[in-house]
Amino acid sequence: EVLRGISLAVNRGEAVCVIGPSGSGKSTLLRCINGLIPVDRGEVHVGAHAVHTLRKDQEMIALRKDVSIVFQQYNLFPHKTALENIMMAPIQVLGQPRDEVEARAHELLKKVRLAGKESSYPGELSGGQQQRVAIARALAMRPSVMLFDEVTAALDPETRKEVLVTIRQLVDEGMTSILVTHEMAFAREIAHHIYFTDHGVIVEDGPPAEFFGNPQKERTRAFLEQVS
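Residues numbered from 1 in each chain as written. Predicted model: local features only at pLDDT ≥ 70, side-chain atom pairs only at ≥ 80, totals over all residues. Heavy atoms only, no water.

A few words now on the overall build of the protein chain. The number of helices and strands found in the protein chain is 9 helices and 8 strands. The principal-axis extents of the C-alpha atoms in the protein chain amount to approximately 55 × 40 × 25 Å. Every one of the 228 residues in the protein chain was classed for burial, and the buried ones make up 49%. Within the protein chain, residue pairs in contact and separated by at least 24 positions form 65% of the contacts whose partners lie at least 6 positions apart. Accessible area of the protein chain: about 11400 Å², with a carbon and sulfur share of 48%. (Helix = DSSP H or I, 4+ residues; strand = E, 2+ residues; numbered from the N terminus. Buried < 20%, exposed > 50% of the residue type's maximum accessible area, 1.4 Å probe, protein only. Contact = heavy atoms within 4.5 Å. Areas by Shrake-Rupley, 256 points an atom, 1.4 Å probe, with all protein chains shown as cover.)

Dropping the structure here:
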């Protein structure tokens, strides 16, 4: 069992950070939320979607239109430009008009501060730039929830900051967000609520000031001492 009786709730417009050691089930939790990994027991509800009941491709497409995920690895198509990477899913999966999608893609590149990089291929972009294209690609589906899976883990400090600024902007705009992260200072700053997981269970949770300032569990204190 990867997850063992986890229960959490995220309100619309909230940013929730999930922290914990490697192998504690954080990434699996995100993948269960958008249906990439099926759940054996329990329920997952995202808005009107009862994720644990979904089986058909069309149901999964509808879910993933509402719940976009950005991974640690950017997973951009290397033979497609930044603009083409952003446009692919709305056109090919949702069947939206090309002109409308292209205009949206240009706006999204501006939003992630990459105007002028429309014709660049992933190999011509830095890691931080590629990750921001991946964020723009996720936003192109017009989701109501964004999932971020350790999106800065593979980046150097300078490019990491670029990506964190982009995420902070989305949170400030009220995008419902669940972030798996090792960035403790960032989690403290942007999260409405923190969940600490270990061995597939939630050990402790609370608002950032309380969680970081006065952790109740010995396991939480030991973890924070290691990463602070």
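Anyway, onward from the coordinates.
Further remarks concern the side chain of Glu204. Note on placement: Glu204 falls in strand 8 (residues 201–206). One buried charge, Glu204, has no salt-bridge partner; the nearest side chain with opposite charge is Lys217, at 5.7 Å. Among the polar contacts made by the side chain of Glu204, one reaches the main-chain amide nitrogen of Gln216 at a distance of 2.6 Å. The residues contacting Glu204, other than those within four sequence positions of it, are Ile194, Tyr195, Phe196, Phe211, Asn214, Pro215, Gln216, Lys217 and Thr220. (Lys, Arg positive; Asp, Glu negative; His and termini not counted. Salt bridge = Lys/Arg side-chain N within 4 Å of Asp/Glu carboxyl O. Polar contact = N/O pair within 3.5 Å; in protein donor to acceptor, adjacent residues only side chain to side chain.)

Moving on to the sheet that holds strand 5 (residues 145–149). Sheet architecture is open: 6 strands sit in the order 4-5-6-1-7-8, paired in mixed fashion. Looking at which strands have only one partner, the edges of the open sheet turn out to be strand 4 (67–70) and strand 8. Averaged over all neighbouring strand pairs, the angle between strand axes comes to 20°, with direction disregarded. Across 5 bridges, strand 5 lies against strand 6 (residues 176–180) in parallel orientation. Looking at the pairing, Val145 lines up with Thr176 of strand 6. In this fold helix 2 (residues 57–66) packs onto strand 4 and strand 5, with an angle of close to 70° to the strand it touches most, strand 4. Strands in contact with helix 9 (residues 218–227) are strand 1 (15–19), strand 7 (193–198) and strand 8; relative to strand 7, the strand with the most contacts, it is inclined by about 95°. (Pairing = 2+ DSSP bridges. Axes fitted to C-alpha atoms, helices over the stretch in contact; angles between N-to-C directions.)

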